[in-house]
Structure formats: structure tokens, C-alpha cells
Amino acid sequence: MPVVICVGGQWGDEGKGKVVDLLAETAAMVVRSQGGNNAGHTVVVGEREYRFNLIPAGILHPKTTCIIGNGVVLDPRVLLSEIEALEAAGADLANLVISERAHMIMPYHPVLDRLEEQARGDDRLGTTYRGVGPAYSDKVRRIGFRVGDLQKLRFLEKKLEFVLPLKNDILGKLYGAPPFEVAAILEEYTGYARRLERFIQDTFPLTHGALARGEEVVLEGAQGTMLDLDLGTYPYVTSSYPSAGGCLAGSGIGPRHVRQTLGVYKAYTTRVGYGPFPTELTDGLGDRLREVGHEYGTTTGRPRRVGWFDAAVARYSVALNGIDAVALTKLDVLDDLETIRICTGYRSKGQAHDHPMANISHLKHCEPQYEDLPGWRASTAGARRYQDLPPAARAYVERLEALLQAPVTHISVGAARDQTIIRAGGR
Ligand code: GDP
Ligand code: IMO
Ligand code: MG
């Protein structure tokens, strides 16, 4: 059973990039499963920081095949600039493959994303404006454009002639925005077709060939479980399925191949955009954690909202994903705190809840129930073995294990590759 699913257990930005890079060292393949360039996955190697929006975070390992899977919505313009930047930095992209089944973000998608957000007014979601929601909507409506369409330009033109009037109608009549033209889009995407041709393949034989040979395949989830279209804080979610099931669907792999589902969790919580966040710290302590943890969006540069670890959220996402191992990141960010709080559940309308309620208005106004643990007030950045951590830091990790009912196999104490503690059960 050679598949390891790597999913975010909170609201994204848990450190999946760092963890996938770590797993990719010994994996034959990494498949980015869903989302688009709303994601930003960071890998730090020495002095250099790489930020991936679409390219799998395993790409820095030259022997690892990196696939942009069928579940992704891909903006060709963004992908090409990411490819150029990586090649300029000396990375080898010979092993990058794009599924011909992945959908494309079209020029009108980011425009509609912004216009729809503006139209929502005070109820806006805080999207990344990358066109991800509109592109997935079109996929579901069966008027989407797939990467494979770049290899059939006459078909692409014909489809544009049908789809573009629908889009221009909405743009013009609803928003008073200027129309798009078939010829201009066709010319732009013909250019992308030429430049991306070398990467486009039917990925089915690749993934299933690797599985048949018993090779290790890592599924790289984007976003996090609380941003899942069904399971998260709807409508304050993204438009894909960042949970383990979504990773399988988004890479075309069945559950029987799964060896491990590794959930990535920050040692506290962050969220970008709007929506309920019960443990949010809106005071000076939140500002301090934001600065220490450099909590500014990789994709948009927006300050991330910051709060305590929410074990009610984490237990829920462990259960939903079938997480059997936890990678806990950014423990070092808590180094200076005197007291560290963990939310164990909520009270809402006189009732106790041990997991996030579907009713987001209740979740927004609930009272988180906290347990306080003493901080360790010492640097963990140099710890390489579990025993190197101060006793209070170990007590924090072990309390989380008890609350989550899952072992913490990886502990990250800094952004660098070697700032990682791997415990029994991890690799
Ligand atoms: P992702 O979207 O889940 O891949 O996470 P991001 O890359 O958006 O955000 C995580 C940020 O934390 C990145 O800037 C990482 O370089 C950084 N990071 C990852 N692990 C650690 C850690 O253990 N400690 C610290 N201080 N930073 C970390
Ligand atoms: P990674 O993979 C954090 C959030 C946006 C917004 C909501 C909807 O780096 O963890 P969208 O543009 O997807 O329609 O926006 O989802 N969001 C993320 N937040 N990390 C991400 O990705 C995110 N991708 C989307 O901020 O609240
Ligand atoms: Mg990110």
C-alpha cells in the first residue's frame, strides 16, 4: 500500500509544503490533487525559499515525478511564470507532468471572482481572487476547459464560441463589465498550448504504473479540511475538497492503496479570509504570534488571522480524513509564551459541543472551552530528537495526541528541512 495522503487539518497554511518536500525525498511520485493557485506551499532549502502555487512541493527532488492531478484548476499563465522562476533558480522540471484532465482557469474566472465578491458586500468570503471558485463552478456545469483542450485548438475555439457569450452576458448585463473576445483568448491559449505541450500527459498509466510497482506516491492536498466545500465552514470555504477523499478523487487513486493519511497541523491556528474562527486572538497576543510566525499569506500577502490550537476542529478533521499520523508544525512559534491554551470544545446556546457545528452562526458566536498548559519559555529551534524538547513542550505535544487520538509522528521547529523531529511511526 504505497500511498501517503498529506492533508491540512485546519484552515490551510499548516506547513504542507515543508512536509511534502520531506516525504518526497523517498517517494517516486507526488501528485497535487486539488485547488489552484489560491494555494501557496513554501519549502525552505538553505538560504532559499521556494513558494509553489501549482507545482507539487516535491519538485526539488530530481528523481521524484511531480504530477498536477486531474482535480486541480490550473491557470496556465501562473503555471508558466512558476516554471520560469524555478528554471531560473536552477530546478530541473523534466519530471513535471500535467494531467490532461485538469481544468484551466480562463481569463474571465478571476474577473468574475472579484465581481462576485464585490456583489456580496459585507458577506464577502475573502477569496484569493484567483478565479478558483468560478472555474470549479464551470467544471460542475460542464462548460469548463481542460488542459487536454490545448491539444485540440479547433475544439477549444468551438467551445469558446458557445461559452463566451454566456460569460459576456453575465459580465455585461449583471456587472457592466467589458466582454471577452474569442480571438484574443484563442491566441493567448494557443501560446500556452505551445509552451506547456512538453508537460501534458494522460497521467493514469503513470500513477497506476507506480502503484503496480509498489512505489511510494504522495498525494499533496492543498488548503485544509475546514475549507472543504462540504465539511468546512460553508460558505466560507474554497470550492474544492481538500480532505483525504478529495485527494484520492483529485488524483484518480482508490482507497485500497492508502498506507497512511498524514494530517498536517500548526501548533496553533491561522485562517485567511472571512468566516468563523472560535479561538481567534484579536488582541496583542494575536499580533505577537502573527509576527513571530510570519503569518502573512504566501499567495496574497494578507495578514493571517491567528488563534489558539482548536482541538475540537482537529479531532473533527482527524476523524473526517481518517488521519492516522500527525505532523505538528511551527511549535517554535510558541517558545516565548507563559501559558498556552487549547480549545477542547464549545458552548453554544447552553449546550456543549465537541466538534464544530454546521451552523456557522452558532460557531461564530460560541464560547470556546479552554484548557491551559504552562509554556516552556525556551528555544525549540535546535531540537532534532524528541528528548531535546523541554518537558513542557513534550507535555503539550502529548496532550494534543490524547485529545486528537492520533500519534504526532513529525514535529517541525523551524522552516528549514533539518528542523524536523521524526518520532517512531514517522519516516
Ligand atoms: P502550506 O500552505 O500548508 O504549505 O503552508 P505555507 O507554506 O503557506 O505556510 C507555512 C509557513 O510556515 C511557510 O512560510 C513555512 O516556511 C513556514 N514553516 C513551516 N514549518 C515551520 C516551522 O516549524 N516553524 C516555523 N517558524 N516556520 C515554519
Ligand atoms: P494552502 O494550500 C489558506 C481561503 C481563502 C478564502 C477561501 C476561499 O496554501 O493551505 P478561494 O480563493 O479558494 O475561493 O478562497 O479559502 N484559501 C486558503 N487559505 N491557505 C490556502 O491554501 C487557501 N486557499 C484558499 O483565503 O478564505
Ligand atoms: Mg499556504
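Here the structure is shown first, and the text comes after it.
Quick look at the structure, then. Computed from a prediction, not measured in an experiment: that's the story for all the values here.

**With respect to the overall build of the protein chain**
Summing up its helical and strand segments, the protein chain has 12 helices and 20 strands in all. Oriented by its inertia axes, the alpha-carbon framework of the protein chain measures out at about 65 × 50 × 40 Å. Scored against the burial criterion, the 427 residues of the protein chain give a buried share of 57%. Long-range contacts, defined here as pairs at least 24 residues apart, represent 76% of the contacts in the protein chain between residues at least 6 apart. Surface summary for the protein chain: the accessible area is close to 17,700 Å², and the carbon and sulfur share equals 50%.

**Things to note about the packing of helix 3 (residues 108–120) against helix 5 (residues 153–175)**
The packing of two helices is summarised by the inter-axis angle and the distance between the axes. The geometry of helix 3 relative to helix 5 is characterised by a closest axis approach of 12 Å and an angle of 30° between their N-to-C directions. The angle between helix 3 and helix 5 falls in the class roughly parallel. Our pair here, helix 3 against helix 5, has a crossing hand that is left-handed. Counting all contacts with helix 3, which are made through Tyr108, Val111, Leu112, Leu115, Glu116 and Ala119, the residues of helix 5 involved are Val163, Leu164, Lys167, Ile170, Leu171 and Tyr175. In the contact of helix 3 with helix 5, the residues fall into 10 nonpolar, no polar and 2 charged.

**Structural notes on helix 1 (residues 16–24)**
Of all 9 residues in helix 1, 9 are buried, a share of seventy percent or more. By the burial criterion, the buried members of helix 1 are Lys16, Gly17, Lys18, Val19, Val20, Asp21, Leu22, Leu23 and Ala24.

**What about the sheet that holds strand 9 (residues 200–201)?**
Here we have 10 strands laid out as an open sheet, ordered 9-7-5-2-10-1-11-15-19-20, and mixed in their pairing. Of all strands in the sheet, those with a lone pairing partner are strand 9 and strand 20 (420–422), marking the two edges. Across the face of the sheet, helix 1 comes into contact with strand 1 (3–8), strand 2 (29–32), strand 10 (217–220), strand 11 (258–266), strand 15 (325–329), strand 19 (408–412) and strand 20 while running at roughly 165° to strand 1.

**Considering the coordination of the magnesium ion (ligand 3)**
Distances from the magnesium ion (ligand 3) to its protein donors, namely Asp13 (OD) and Gly40 (O), fall within the range 2.0 to 2.2 Å. Residue Asp13 is found in the loop between strand 1 and helix 1, and its partner Gly40 is found in the loop between strand 2 and strand 3 (41–45); the two are separated by 27 residues along the sequence. Judged by relative accessible area, Asp13 falls into the partly exposed class, the value being 22%. Look at Gly40 and you get buried, because its relative accessible area is 10%.

**Structural notes on the environment of Gly40**
Considering only alpha carbons, one finds Gly40 and Gly12, 28 residues apart in sequence, at a separation of 9.4 Å. The residues contacting Gly40, other than those within four sequence positions of it, are Asp13, Phe52, Asn53, Thr298 and Thr299.

**Concerning helix 5**
An α-helical turn contains 3.6 residues, so any two residues separated by three or four positions project in the same direction. Taken as a whole, helix 5 carries its principal kink of about 30° at Glu161; the proline Pro165 stands between one and four residues after it. Listed as buried for helix 5 are Leu156, Lys159, Leu160, Val163, Leu164, Lys167, Asn168 and Leu171. Among the structural elements, strand 8 (103–104), helix 3, helix 4 (132–141) and helix 6 (182–196) are those in contact with the buried residues of helix 5. Gly176 occupies a position one or two residues after helix 5 and carries a positive phi of about 65°.

Conventions we followed
- Residues numbered from 1 in each chain as written.
- Chains lettered and ligands numbered in written order.
- Predicted model: local features only at pLDDT ≥ 70, side-chain atom pairs only at ≥ 80, totals over all residues.
- Heavy atoms only, no water.
- Helix = DSSP H or I, 4+ residues; strand = E, 2+ residues; numbered from the N terminus.
- Buried < 20%, exposed > 50% of the residue type's maximum accessible area, 1.4 Å probe, protein only.
- Contact = heavy atoms within 4.5 Å.
- Areas by Shrake-Rupley, 256 points an atom, 1.4 Å probe, with all protein chains shown as cover.
- Axes fitted to C-alpha atoms, helices over the stretch in contact; angles between N-to-C directions.
- Parallel < 35°, antiparallel > 145°, perpendicular 65-115°, else oblique.
- Left-handed = near helix turned anticlockwise from the far one by under 90°.
- Nonpolar A, V, L, I, M, F, W, Y, C, P; charged D, E, K, R; others polar.
- Pairing = 2+ DSSP bridges.
- Donors = N, O, S within 2.8 Å, 3.2 Å for Na, K, Ca; no water.
- Bend = angle between axes of the 7 residues up to and from the residue.

Remember, this is a structural readout, not a statement about activity or role.
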